[in-house]
Amino acid sequence: MSTDANSLDDLKSAATDAAEVPKESATTYVPFYKRVLAQKQGKIGLTITVVIVVLALCGPLLLPWATGNTATQFVTKPFSPYGLFGSDNLGRDVLSRFLAGGVTLIVYGVLATALGMIVGALVGMLAAYIGGTFDAVIMRINDVFLAIPQLVFALLAITVLGPQGWVLVTVIGLTHAPRIARVARSATLGVITEDYIKAAEMYAMPRWKVLIRELLPNITGPLSVEAGLRLTYSIGYIASLSFLGLGLQPPAADWGLMINENRIALSIQPWGVLLPVVAIALLTIGTNLLADSFARATASTSVEA
Amino acid sequence: MFGKVIGKRLLFSAFILIAVSLLVFGATLLLPGDAARAILGQQATPERIAALNEQLGLDQPAWQRYFTWLGGLFVGDFGTSSATGGSVGALLGDRIGASFILMGLAAIISVPLGIGLGVYQALHRGKRRDQAMTGVSLVLAAMPEFVIGIGLIAIFATSVFQILPAVTLAPPGEPVWNRPEQLILPTLTLILVVTPYIVRMMRATMIEVLDSGFVEMARLKGVPEKRVIMRHAVPHALGPVAQVVAIQLAWLAGGVVVVEFLFRYPGLGQALIDAVTYRDVQVVQAISMLVAAVYVVVNLAADVVGILTNPKLRSAA
């Protein structure tokens, strides 16, 4: 994606003509999304993620075409008139439940990630920007939260508050926050000594404006990597919890729940398990590949030829 | 001086555990309704509820109950299960061993495996096998553990081959190690989840170390390549990796929950899921504290390894 020779020459001659042309314009800066898509991981990850997300979001719309069939338990012949992928433990059509079962997982995953990113980034930036005792106290509190694995924390919350959607989203988002805050804090510490921050402070720009307008845009790189990773983990945790029977409750259609309900019949009717397992696997692989390509794109501001 | 650093870490670990216990106990205060009515049912007379409240200590203020509970933890008294009415300690007793066997096996295999593969990749960096292994570890690191577990069941127990048992079918009371073939799939699942992170970290730090001046110096003065890697490079790369290993081992304490549920393995995780389903708060509290304790101990060990492998800290600290 390097600039072609002509325009580079133009820039050089312009630079010699007018000395005040900023140095930036002569570098081969490439926008973030192009840097991501220039990599194999980025392309594959984005394609997989988009395919699964579109499938999950449009699935419920395709239902009238796929449903409309109740057979006896575990019809063992997929690709039969009983439905393309057979039926499940209660005689329900596997394909239609699969098409209907991805929306909640994706919506919860995105919401939990968004909550964690907002809280975590805010706390981390504030800790780094304010510093001193506030920073020390926040980071010690962080250490306490990090001592309990996220899944165990979620189980504790579900015991007390019950298996409801908002509990899952809130607890997973909030347990992401200390982990994100660490990243946001160290990224902020990296830019906080820059001259443009000092300049903004000298202009008596309000503190919150310095945070939002000066600091935040300059740590989007590490934060985007973190968002990709956290989305992968959110999807994993939410799928795990509904697999454990602690997410959506029957008779809802949900990928994790489907796996739990159909796994006893894995040997005679594998499709009820395999469809959602493959979908969850592909979705998490896609988002993880994207996160990896974000990390590489952040590491260099231009793409090696 | 060395002891002082370790002492500081110990104090900090104790602080973390106390704070976690406050958090875990505080969660129960959010519990709606009262435990006595939940146990006795709607028809219970006020006298019986009062009696049970007194028996459970629920008539005392929260801070008093907290200290009773915390004191109990130190002497191994984890309270009474509200679902079964039995002692939580007895319920967890047999299961702790079973879980530690699973976690121990996974740790013993995956740590050296991860370090070995990481070194191998670093030595062959940029080649096709390095890229292939990076791809595989990215894929494995992404998937939730139950997805990997079901994949293994489909391949080795049901759909493709039928060579390994899909679930653990030990009669109650029989130790799990009497049937080693039932341990293979759960252990393998945990290994596949934990190893990729160790491999990636080891590869990264090893590459950094291999590029550093002292490794070049060792090569230039004619040290055999094998010795350069084993004596000069690897020990240096282990410090940062110890942190990742600690995070992964601590993760095992939580990740084992889903894997045990999947394979019906009679361990702590299975007990935890049952307790959550029946909202048996005392059991959930006890297991949460145990898991946090494992995390703190493992992290302490990682800090000590970090200090021991870093000559600067070893002498000056």
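In this text the structure is predicted, and so the values were computed from the model without any measurement. (Residues numbered from 1 in each chain as written. Chains lettered and ligands numbered in written order. Predicted model: local features only at pLDDT ≥ 70, side-chain atom pairs only at ≥ 80, totals over all residues.)

### Here's the deal with the overall build of chain A
Inference 1: When you go through chain A residue by residue, the secondary structure sums to 13 helices and 0 strands.
Inference 2: Element order for chain A, N to C, with α for helix and β for strand: α-α-α-α-α-α-α-α-α-α-α-α-α.
Inference 3: When burial is assessed residue by residue, chain A has 44% of its 305 residues classed as buried.
Inference 4: Restricting to contacts in chain A with at least 6 residues of sequence separation, those with at least 24 account for 71%. (Helix = DSSP H or I, 4+ residues; strand = E, 2+ residues; numbered from the N terminus. Buried ≥ 20, exposed ≤ 12 C-beta atoms within 10 Å, placed from the backbone. Contact = placed C-beta atoms within 7 Å.)

### What about the packing of helix α7 (residues 145-156) of chain B against helix α10 (residues 225-263) of chain B?
Residues and elements named next belong to chain B.
Inference 1: Viewed as axis vectors pointing N to C, α7 and α10 meet at an angle of 35°, and their least axial separation amounts to 9 Å. Where α7 crosses over α10, the handedness of that crossing is right-handed. Residues E145, F146 and G149 of α7 pack against G255, V258, V259 and L262 of α10.
Inference 2: In the contact of α7 with α10, the residues fall into 4 nonpolar, 2 polar and 1 charged. (Axes fitted to C-alpha atoms, helices over the stretch in contact; angles between N-to-C directions. Left-handed = near helix turned anticlockwise from the far one by under 90°. Nonpolar A, V, L, I, M, F, W, Y, C, P; charged D, E, K, R; others polar.)

### Regarding the interface of chain A and chain B
One frequent convention defines the size of an interface as the accessible area lost when the parts assemble.
Inference 1: Opposite the 35 residues of chain A that make contact, chain B presents 42 residues.
Inference 2: With 9 residues, the single largest contributor to the side of chain A that touches chain B is helix α13 (residues 271-299) of chain A.
Inference 3: Each residue belonging to the side of chain A that touches chain B can be placed in one class, and the counts come to 24 nonpolar, 8 polar and 3 charged.

### Some details on the environment of V283 of chain B
Residues and elements named next belong to chain B.
Inference 1: By the secondary structure assignment, V283 is in helix α12 (residues 281-309).
Inference 2: On the basis of neighbour counts, which here come to 27 C-beta atoms within 10 Å, the residue V283 falls in the buried class.
Inference 3: Between the alpha carbons of V283 and K8 there is a distance of 32 Å; along the sequence they are 275 residues apart.
Inference 4: Setting aside anything within four residues of it in sequence, one finds V283 in contact with S81, V88, L91, A271 and A275.

### Thoughts on the confidence of the model for chain A
All names here are of chain A.
Inference 1: Across chain A, pLDDT averages 78, with 80% of residues at or above 70.
Inference 2: For chain A, per-element mean pLDDT is lowest for helix α1 (residues 5-17), which scores 41, and highest for helix α5 (residues 103-130), which scores 91.
Inference 3: Here residues 1-26 is modelled with pLDDT under 50, and outside its nearest four sequence neighbours on either side it reaches 15 contacts, counting other chains as well.
Inference 4: Confidence drops under pLDDT 50 across residues 68-76; counting only partners more than four residues distant or on other chains, this segment forms 24 contacts. (pLDDT = per-residue confidence, 0-100.)

### Brief notes about unusual backbone geometry
Inference 1: Positioned with a positive phi, A204 of chain A is a non-glycine residue whose angle comes to about 60°.
Inference 2: With respect to the helices and strands, the residue A204 of chain A is situated in the loop between α9 (195-202) and α10 (207-215).
Inference 3: According to the C-beta neighbour criterion, A204 of chain A is exposed, with 6 such atoms within 10 Å.
Inference 4: A positive phi is found at R264 of chain B, a non-glycine position, where the angle reads about 50°.
Inference 5: Looking at where R264 of chain B falls in the secondary structure, it is placed in the loop between α10 and α11 (268-277).
Inference 6: The exposure class of R264 of chain B is partly exposed, given the 14 C-beta atoms found within 10 Å.

### Observations concerning helix α9 (residues 213-220) of chain B
Inference 1: Of all 8 residues in α9 of chain B, 0 are buried; the element is thus mostly exposed.
Inference 2: In the segment just after α9 of chain B, G222 of chain B is the residue with positive phi, at about 90°.

### Some words on the nonpolar core
Inference 1: Ranked by internal contacts, the top residues of the largest apolar core, which has 163 residues, are A154 and I238 of chain A together with I198, V241 and L252 of chain B.
Inference 2: Among the elements that make up this core, the one with the highest residue count is α10 of chain B (23 residues). (Core = buried A, V, L, I, M, F, W, Y, C linked by C-beta atoms within 7 Å.)

### Remarks on the environment of V167 of chain B
Residues and elements named next belong to chain B.
Inference 1: Along the polypeptide, V167 turns up in the loop between α7 and α8 (181-210).
Inference 2: A count of 15 C-beta atoms within 10 Å places V167 in the partly exposed class.
Inference 3: Along the backbone, V167 and P240 are 73 residues apart, and their C-alpha atoms lie at a distance of 37 Å.
Inference 4: Those residues in contact with V167 that lie beyond four places of it in its chain are F263 and R264.

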